Amino acid sequence: RGNANNNAVVSDPVPTEAGKAALYWAAKSGDGYGEGAIGSPILVDGYLYYNQGKTINKMDAVSGEVAASGSMVERSNFSIIPPTYGDGMIFVGLANGRIQAFDAKTLKSLWVYQDELKGQPNCPITYHDGYVYTGFWNSETREANFVCVSVKDEKPKSLTEAKKAKWTYTSKGGYYWAGAFVNDDFVLVGTDDG
């Protein structure tokens with residue numbers, strides 16, 4: 001997403017006419033716009049990372065070749081939120097209030113967080129200083145959690161180590177496309193119901 005502020009703003013010029021652009025490669029991945037569709041990719045160190053169904057892929061951005069794949073423990077509902085990178089790991093929000101962490105080089109699973117209130121993973125995951133922050137959504141009226149989870153892999157031999165949240169904040173209406181700003185002093189996030 002461009003930088004630590006996750007806003008995808010870059011200073012590079014983009015083509016404004018078809019004649020000034022060139023297609024280097026095209027690769028089909030996913031199917032339709034439902035469960036089989038791919039999620040929005042992120043670009044990290046020359047690789048595109050994206051999820052599709054219960055798979056996460058790492059694709060070489062220059063050649064279009066898939067360099068690695070990993071298995072997710074669940075789908076990502078509508079795959080509307082891209083993965084997040086931080087500290088050599090890729091984090092994906094999954095259905096039923098889950099976050100799964102993967103090693104960015106190998107896409108080996110490292111751990112899985114499952115929120116007690118569950119919910120859809122419709123919020124961007126924000127990484128800051130060894131922690132990830134995100135919220136879940138259950139409905140306009142039901143409660144859902146915004147969570148802070150340490151990214152440390154305490155049990156390297158367990159591919160699906162069950163993580164616990166450092167803290168949770170519960171709100172009626174939950175968190176829907178509510179990306180957070182995080183710094184050393186505070187977390188700023190809006191809820192679905194304002």
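As shown above, the structure is provided for reference.
Residues numbered from 1 in each chain as written. Predicted model: local features only at pLDDT ≥ 70, side-chain atom pairs only at ≥ 80, totals over all residues. Heavy atoms only, no water.

A. Focus on the sheet that holds strand β13 (residues 167-172). Spatial ordering of the open sheet is given by β9-β10-β11-β13, a layout of 4 strands whose pairing is antiparallel. On the outer flanks of this sheet lie β9 (126-128) and β13, each paired with one strand and no other. The sheet shows a mean angle of 20° between the axes of neighbouring strands, direction not considered. (Pairing = 2+ DSSP bridges. Helix = DSSP H or I, 4+ residues; strand = E, 2+ residues; numbered from the N terminus. Axes fitted to C-alpha atoms, helices over the stretch in contact; angles between N-to-C directions.)

B. Focus on the nonpolar core. Phe 91, Ile 99, Trp 111, Tyr 113, Val 132 and Val 149 are the most contacted members of the largest nonpolar core, which totals 13 residues. Among the elements of the structure, β6 (89-94), β7 (98-103), β8 (109-114) and β11 (143-150) are those that each provide at least two residues to this core. The biggest single contributor to this core is β8, with 3 residues. If we skip the residues at most four places from it in the chain, Ile 99 touches Phe 91, Val 92, Trp 111, Val 112, Tyr 113, Ile 125, Val 132, Thr 134, Phe 136, Val 147 and Val 149. (Core = buried A, V, L, I, M, F, W, Y, C linked by side-chain atoms within 4.5 Å. Buried < 20%, exposed > 50% of the residue type's maximum accessible area, 1.4 Å probe, protein only. Contact = heavy atoms within 4.5 Å.)

C. Inspection of the packing of aromatic side chains at higher detail. For the coordinates displayed, the defined rule picks out 8 aromatic pairs. Through successive ring pairs, a cluster of aromatic residues spans Tyr 133, Phe 146, Trp 167 and Tyr 175. One Lys or Arg, Lys 58, reaches over the ring of Tyr 47 and ends 4.4 Å from the middle of that ring. Cation over ring: Lys 163 sits above Trp 111, and NZ or CZ is 5.4 Å from the ring centre. (Phe/Tyr/Trp six-rings, centres within 6.5 Å; stacked < 30°, edge-to-face > 60°. Lys NZ or Arg CZ within 6 Å of the ring centre and 35° of its normal.)

D. Fine view of the pairing of strand β3 (residues 55-60). With 6 bridges joining them, strand β2 (residues 47-52) and β3 adopt antiparallel strand pairing. Considered in β3, the bridge of Asn 51 is made with Ile 56. Between the antiparallel neighbours β2 and β3 lie 2 residues, among them Gly 53 with a positive phi of about 60°.

E. Quick peek at the pattern of salt bridges. In total, this model carries 3 salt bridges according to the counting rule given. With a closest N to O distance of 3.9 Å, Glu 17 and Lys 20 form a salt bridge. When its relative accessible area of 60% is taken as the criterion, Lys 20 is described as exposed. (Salt bridge = Lys/Arg side-chain N within 4 Å of Asp/Glu carboxyl O.)

F. Molecular detail of the sheet that holds β6. What the 5 strands build is an open sheet, ordered β5-β6-β7-β8-β12; its pairing is mixed. Both edges of this open sheet fall to β5 (84-86) and β12 (161-163), since each of them pairs with a single strand only. In this sheet, neighbouring strand axes are inclined to one another by 25° on average, regardless of whether the strands run parallel or antiparallel. Across 3 bridges, the pairing between β5 and β6 is antiparallel. Note that in β6 the partner of Gly 86 across the bridge is Met 89.

G. Region of the structure containing the environment of His 128. Summarising the element assignment, His 128 is placed in strand β9. The sequence separation of His 128 and Arg 75 amounts to 53 residues, and the corresponding C-alpha distance is 25 Å. Residues within four places of His 128 in sequence aside, it is in contact with Tyr 133, Val 182, Asn 183 and Asp 184. Side chain to side chain, His 128 and Asp 184 meet in a polar contact 2.9 Å long. (Polar contact = N/O pair within 3.5 Å; in protein donor to acceptor, adjacent residues only side chain to side chain.)

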